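# Structure assessment
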Amino acid sequence: HVKVGFEDPNMFKNIIATCLGWFIYDIAFYGSNAFIPTITSLVFSSGSDDGKISISSTASQGMILTAVGIPGVLGALMSLSLVGTKSLSVWGFLLIAFSMAAMAVAWETVTDSYALFGFYILIAFAVNWGPNMTTFVLPQEVFPVEI
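This write-up is about the structure you can find in this document.

### A look at helix H7 (residues 113–129)
- Across its 17 residues, H7 extends 24 Å between first and last C-alpha, which sits within 8% of the 24 Å expected from 1.5 Å per residue.
- Here H7 has its buried residues at Ser113, Leu116, Phe117, Tyr120, Ile123, Ala124, Ala126, Val127, Asn128 and Trp129.
- Of the surrounding elements, those touching the buried residues of H7 are helix H2 (9–33), helix H3 (36–43), helix H4 (55–67), helix H5 (70–83), helix H6 (85–109) and helix H8 (131–142).
- Between a side-chain oxygen at the N-terminus of H7 and the backbone nitrogen of tyrosine 114 the separation is 3.2 Å; the capping residue is aspartate 112.

### Concerning the nonpolar core
- If you look at the biggest cluster of nonpolar residues, it comprises 15 residues, and the most contacted ones within it are Ile39, Leu65, Ile96, Met103, Phe117, Tyr120 and Val127.
- Of all the elements in the fold, those that place two or more residues in this core are H2, H3, H6 and H7.

### Quick notes on the side chain of serine 32
- Here serine 32 shows up in helix H2.
- Take serine 32: its relative accessible area is 7%, and that puts it in the buried class.
- Among the polar contacts made by the side chain of serine 32, one reaches the main-chain carbonyl oxygen of phenylalanine 29 at a distance of 3.0 Å.
- Excluding residues that lie within four positions of it along the chain, serine 32 makes contacts with Ile27, Met100, Tyr120 and Ile123.

### Concerning the packing of aromatic side chains
- On inspection of all chains with the given rule, the structure shows four aromatic pairs.
- Between phenylalanine 125 and tryptophan 129 the ring centres are 6.3 Å apart and the planes differ by 10°, which places this aromatic pair in the stacked class. Of this pair, phenylalanine 125 and tryptophan 129 both sit in helix H7, four residues apart, roughly one helical turn.
- Under the relative-accessibility criterion, phenylalanine 125 is labelled partly exposed at 28%.

So, how was this worked out
- Residues numbered from 1 in each chain as written.
- Predicted model: local features only at pLDDT ≥ 70, side-chain atom pairs only at ≥ 80, totals over all residues.
- Heavy atoms only, no water.
- Helix = DSSP H or I, 4+ residues; strand = E, 2+ residues; numbered from the N terminus.
- Expected span 1.5 Å × (residues − 1).
- Buried < 20%, exposed > 50% of the residue type's maximum accessible area, 1.4 Å probe, protein only.
- Contact = heavy atoms within 4.5 Å.
- Polar contact = N/O pair within 3.5 Å; in protein donor to acceptor, adjacent residues only side chain to side chain.
- Core = buried A, V, L, I, M, F, W, Y, C linked by side-chain atoms within 4.5 Å.
- Phe/Tyr/Trp six-rings, centres within 6.5 Å; stacked < 30°, edge-to-face > 60°.

Listed below in structure tokens is the structure:
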């Protein structure tokens with residue numbers, strides 16, 4: 001049945017588009033998660049001079065930063081049937097691009113760590129609002145059950 005997907009030009013286009021969307025989502029998701037230690041050290045610093053932080057403290061701070069994506073998933077669930085999967089994906093990627101560009105500009109110019117945390121929250125929302133949901137739903141819509 002997989003052979004059918006590669007023989008039909010429309011199916012092949014869908015395979016490439018789906019893979020590309022998933023790849024770009026992975027870059028955004030894992031790229032933003034790579035900044036969790038940096039963001040936690042800026043926002044949750046205790047002011048200690050030795051630079052040591054406990055594992056439980058790091059884990060709880062990471063959970064807080066990861067949990068900010070929950071409103072994005074809930075928003076995606078509410079807006080998926082209203083705007084459609086493809087539109088939600090496109091708008092999500094545009095919001096990710098805007099959020100990351102804003103944080104890149106703010107990284108060198110803004111000295112307030114809470115403002116950077118706000119940009120991180122916007123990125124987490126954008127990643128979870130659009131592409132996180134649509135990378136799993138879109139293949140269900142564009143491919144036949146056999147594939």
